[in-house]
Amino acid sequence: MPLIHVLLVLIVVGVLLWLVNRFIPMQSTIKGILNAVVVIVVVLWLLQIFGLISQLSTIRVGH
């Protein structure tokens, strides 16, 4: 994936998260959880794209 696409995805995710935080009324704890989940997902996605965690797709939950 070209670097420009990665940057565009990060910008879009950031703007969407800002819009949700700014304009959708929620409790601050829910906003905090939402922000943490989005940051964790984005960090995992970036680590997978740059090849630092290549076994992410082989993780199985359950049997």
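1. Let's talk about the overall build of the chain
For step 1, the next point in the chain: On a plain count of helices and strands, the chain comes out with two helices and zero strands.
For step 2, the next point in the chain: In terms of C-alpha radius of gyration, the chain reaches 15 Å, well past the compact-globule figure of 11 Å for 63 residues.
For step 3, the next point in the chain: Taken along the three principal axes of its C-alpha coordinates, the chain extends 40 × 35 × 15 Å.
For step 4, the next point in the chain: Classification of the 63 residues of the chain by burial places 5% in the buried group.
For step 5, the next point in the chain: Per element, the accessible surface of the chain, about 5200 Å² overall, is 74% carbon and sulfur.

2. With respect to helix α2 (residues 28-49)
For step 1, the next point in the chain: Under the 1.5 Å per step criterion, the end-to-end length of α2 is 31 Å for 22 residues, consistent within 8% with the ideal 32 Å.
For step 2, the next point in the chain: A positive phi of about 80° marks Gly51, the residue just after α2.

3. Digging into the packing of aromatic side chains
For step 1, the next point in the chain: Summed over the entire model, instances satisfying the criterion amount to one aromatic pair.
For step 2, the next point in the chain: Here Trp18 and Phe23 contribute two aromatic rings whose centre-to-centre distance is 5.9 Å and whose plane-to-plane angle is 85°, an arrangement assigned as edge-to-face.

Rules and cut-offs
Residues numbered from 1 in each chain as written. Predicted model: local features only at pLDDT ≥ 70, side-chain atom pairs only at ≥ 80, totals over all residues. Heavy atoms only, no water. Helix = DSSP H or I, 4+ residues; strand = E, 2+ residues; numbered from the N terminus. Rg over C-alpha atoms; globule rule 2.2 N^0.38 Å. Buried < 20%, exposed > 50% of the residue type's maximum accessible area, 1.4 Å probe, protein only. Areas by Shrake-Rupley, 256 points an atom, 1.4 Å probe, with all protein chains shown as cover. Expected span 1.5 Å × (residues − 1). Phe/Tyr/Trp six-rings, centres within 6.5 Å; stacked < 30°, edge-to-face > 60°.

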